[in-house]
Amino acid sequence: MKNNENILNHFLKDAFDLKSHLIEFLPIKPKNLNDFLNSAKMELANLHPGDNSLNCSKFYEEMVGDKHLADLAAWHISSKDYIVNTLKLQQKFSKNLVLDFGGGIGTHSLANAMSHNVEHVFFVDINKTNRDFVEFRAEKLGLRKKISFYKSISEINIMKFDSIICLDVLEHLPDPASQIEIFHEIMSDNSVAILNWYFYKGENNEYPFHIDDYQIVNKFFEILQRKFVEIFHPILITTRTYKKFC
Ligand SMILES: C[S@@+](CC[C@H](N)C(=O)[O-])C[C@H]1O[C@@H](n2cnc3c(N)ncnc32)[C@H](O)[C@@H]1O
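Residues numbered from 1 in each chain as written. Predicted model: local features only at pLDDT ≥ 70, side-chain atom pairs only at ≥ 80, totals over all residues.

1. A look at the overall build of the protein chain
Consideration 1: Counting secondary structure elements, the protein chain contains 11 helices and seven strands.
Consideration 2: For a compact globule of 246 residues, the expected C-alpha radius of gyration is about 18 Å, and the protein chain comes in at 17 Å, within 12% of that figure.
Consideration 3: Seen through its C-alpha atoms, the protein chain measures out along the principal axes to roughly 55 × 45 × 35 Å.
Consideration 4: Of all 246 residues assigned to the protein chain, the portion counted as buried reaches 37%.
Consideration 5: Taking contacts inside the protein chain between residues at least 6 apart in sequence as the whole, the part at least 24 apart equals 70%. (Helix = DSSP H or I, 4+ residues; strand = E, 2+ residues; numbered from the N terminus. Rg over C-alpha atoms; globule rule 2.2 N^0.38 Å. Buried ≥ 20, exposed ≤ 12 C-beta atoms within 10 Å, placed from the backbone. Contact = placed C-beta atoms within 7 Å.)

2. So, the packing of helix α1 (residues 4-14) against helix α7 (residues 80-93)
Consideration 1: Look at α1 against α7: their axes get within 10 Å of each other, and the N-to-C directions meet at 160 degrees. If you check the angle between α1 and α7, you find them roughly antiparallel. Of the two elements, α1 crosses α7, and the hand of that crossing is right-handed. Contacts between α1 and α7 involve Asn 4, Ile 7, Leu 8, Phe 11 and Leu 12 on the former and, on the latter, Lys 80, Val 84, Leu 87, Lys 88 and Gln 91. (Axes fitted to C-alpha atoms, helices over the stretch in contact; angles between N-to-C directions. Parallel < 35°, antiparallel > 145°, perpendicular 65-115°, else oblique. Left-handed = near helix turned anticlockwise from the far one by under 90°.)

3. Comments concerning the site of the ligand
Consideration 1: The ligand sits among 17 residues. The nearest are Gly 102, Gly 104, Ile 126, Asn 127 and Leu 167.
Consideration 2: Looking at the shell around the ligand residue by residue, the class counts come to seven nonpolar, eight polar and two charged. (Near = placed C-beta within 6 Å. Nonpolar A, V, L, I, M, F, W, Y, C, P; charged D, E, K, R; others polar.)

4. A few points about the sheet that holds strand β4 (residues 161-166)
Consideration 1: The strand order across the open sheet formed by seven strands is β3-β2-β1-β4-β5-β7-β6, and the pairing between neighbours is mixed. Each edge of the open sheet is held by one strand with a lone partner, namely β3 (147-150) and β6 (228-231). When the angles between neighbouring strand axes are averaged without regard to direction, this sheet yields 25 degrees.
Consideration 2: Sheet topology note: the strand β5 (residues 187-195)/strand β7 (residues 240-244) ladder contains three bridges and is antiparallel. Residue pairing for β7: Ala 193 is matched across the bridge by Tyr 242.
Consideration 3: Against the sheet, α7 engages β4, β5 and β7, with an angle of about 170 degrees to β5. (Pairing = 2+ DSSP bridges.)

5. Here we look at the nonpolar core
Consideration 1: Ranked by internal contacts, the top residues of the largest apolar core, which has 57 residues, are Ile 164, Cys 166 and Ala 193.
Consideration 2: Those residues within four positions of Ile 164 in sequence are excluded, and the remaining contacts are Leu 99, Phe 101, Phe 183, Met 187, Ser 191, Ala 193 and Ile 194. (Core = buried A, V, L, I, M, F, W, Y, C linked by C-beta atoms within 7 Å.)

6. Focus: the pairing of β3
Consideration 1: The side-chain alternation of β3 yields one buried face, formed by Ile 147 and Phe 149, and one unburied face, formed by Ser 148 and Tyr 150.
Consideration 2: Relative to β3, strand β2 (residues 118-124) runs parallel, the two sharing four bridges. Directly across from Val 121, in β3, lies its bridge partner Ile 147.
Consideration 3: For the crossover that starts at β2, traverses helix α9 (residues 128-140) and ends in the parallel β3, the hand is right-handed. (Right-handed = clockwise from strand over helix to strand, strands pointing away.)

7. As for α9
Consideration 1: Along its 13 residues, α9 runs 18 Å from first to last C-alpha, staying within 8% of the 18 Å computed at 1.5 Å per residue.
Consideration 2: Residues of α9 that are buried in the fold lie against α2 (18-25), α6 (67-78), α8 (107-113), β2 and β3.
Consideration 3: Gly 142 sits one or two residues past α9 and shows a positive phi near 70 degrees. (Expected span 1.5 Å × (residues − 1).)

8. A look at the environment of Glu 5
Consideration 1: Mapping Glu 5 onto the fold places it in helix α1.
Consideration 2: The exposure class of Glu 5 is exposed, given the 9 C-beta atoms found within 10 Å.
Consideration 3: Sequence separation between Glu 5 and Gln 91 is 86 residues; the distance between their C-alpha atoms is 9.8 Å.

Now the structure itself:
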């Protein structure tokens, strides 16, 4: 267990030993790792047909393989200054039973599991490679007992979570409004949800897998404004914090 500042410093140093975890987990030689990471974003985009013909869940569950893991790792290493602010936000609001929905390579789950304020982390991700990688990382960091792993929220035997983390996931879902309605059902009056989104495919279609359909996005904001109240925080990032509008 570490104090908050040590957690942030560990992340800023090496993203929680991320490169050494990748080398041990993937069939990749250390000398090839940087090329693997540098080409990750393009390779992930190239896997996608570039239009709306593909089912989102199928893309993340079956097609991305270790390409998404590489894409996320490259992003977490190159954008540490942004991501560390999301960890600061977590430290301000995360407590007790935490759900990390679409947890990716596990940065937020691992940081939560290192915190004294958190009792247990429930890591949910549709992608098995990501789940296995984060389980491997949790073992390496001595956090395995504090995190459990699931493909979907319905597998978890918990009625209410104290904190919900859902970062850079909503734009990947076919119906993000329904997802925040599910979050609403599994929050108590004192729970906090930490959310962000990026409903944009990019200037040059760099993110063909992001949802940007006007009606889908509109429905998302309608539900968000009807069912949640924003809690102000002073950290200057796009991530927002919410409680239930009861
Ligand atoms: C862009 S990544 C974000 C990862 C992590 N939250 C972060 O901030 O780095 C999106 C993640 O959502 C997961 N995902 C996509 N659709 C999902 C679904 N229906 N249920 C659970 N996870 C999903 C993907 O496998 C991927 O790990």
